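# Structural description and commentary
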Amino acid sequence: QVQPVESGGGSVQAGGSLTLSCTAPGFTANRCGMSWYRQAGGKPREWVSNILSDGASQYLDSVRGRFTISKDAAPDTVYLQMNSLKPEDTAMYSCKTFRDMKSNPTCDDNWGQGTQVTVSS
C-alpha cells in the first residue's frame, strides 16, 4: 500500500505563499498519480489538482495560475506550490494516490491525513 503523508500547511496572510508536500513511499515505483483535495469547514471536499504518472497536471479553475503541482522521484514526493493565496483557499488539504493507465493497482485511493492551510485577510 502506498500511504501518503502531508506536510507544509500553516497560516499566512492573503497574497502569501505556501508549499505543501505529500510523501508516499512507493509512489514512483508504482507509477501512481496523485491528487490534492481540500475541505473547508462545513463544505464538501473539493478536488484541487492532479499529477499523472507521466507528469501531466490538471487544476481546478479557481487555482489555475496560482498553484503548481510537481513531483520528485527522490524522495517520492508531490508538491503543491500555492502562491497569491486568498482567504477562500483556507481548508484542510489532503493528498490521495490514484491509478491511471500506467499505474499499478496498489495506487488505488490511498489518502493522507491532511494538513491545514489558513489564509487571513
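## Digging into the sheet that holds strand β3 (residues 18–23)
With antiparallel pairing, four strands are arranged side by side in an open sheet as β1-β3-β8-β7. Of all the strands in the sheet, the pair left with one neighbour each is β1 (5–7) and β7 (67–72). Adjacent strand axes in the sheet meet at a mean angle of 20° when their direction is disregarded.

## Regarding the sheet that holds strand β10 (residues 115–120)
Backbone-to-backbone hydrogen bonds join strands into a sheet, with any given pair of strands oriented parallel or antiparallel. What the six strands build is an open sheet, ordered β2-β10-β9-β4-β5-β6; its pairing is mixed. With one partner strand each, in any of the chains shown, β2 (10–13) and β6 (57–59) form the two edges of the open sheet. Going from strand to strand, the sheet's axes swing by 25° on average, the running direction of each strand aside.

## Points about the state of the cysteines
For the structure on display, the rule yields two disulfides. In this model cysteine 22 forms its disulfide with cysteine 95; the gap between the sulfur atoms is 2.0 Å. Because the torsion about its S-S bond is 75°, the bridge between cysteine 22 and cysteine 95 counts as right-handed. Taken together, the residues span a long stretch of sequence, with cysteine 22 in strand β3 and cysteine 95 in strand β9 (residues 91–98) at a distance of 73 residues. Given a relative accessible area of 0%, cysteine 22 falls into the buried group. Take cysteine 95: its relative accessible area is 0%, and that puts it in the buried class.

Parameters and conventions
- Residues numbered from 1 in each chain as written.
- Predicted model: local features only at pLDDT ≥ 70, side-chain atom pairs only at ≥ 80, totals over all residues.
- Heavy atoms only, no water.
- Pairing = 2+ DSSP bridges.
- Helix = DSSP H or I, 4+ residues; strand = E, 2+ residues; numbered from the N terminus.
- Axes fitted to C-alpha atoms, helices over the stretch in contact; angles between N-to-C directions.
- Disulfide = S-S within 2.5 Å.
- Buried < 20%, exposed > 50% of the residue type's maximum accessible area, 1.4 Å probe, protein only.

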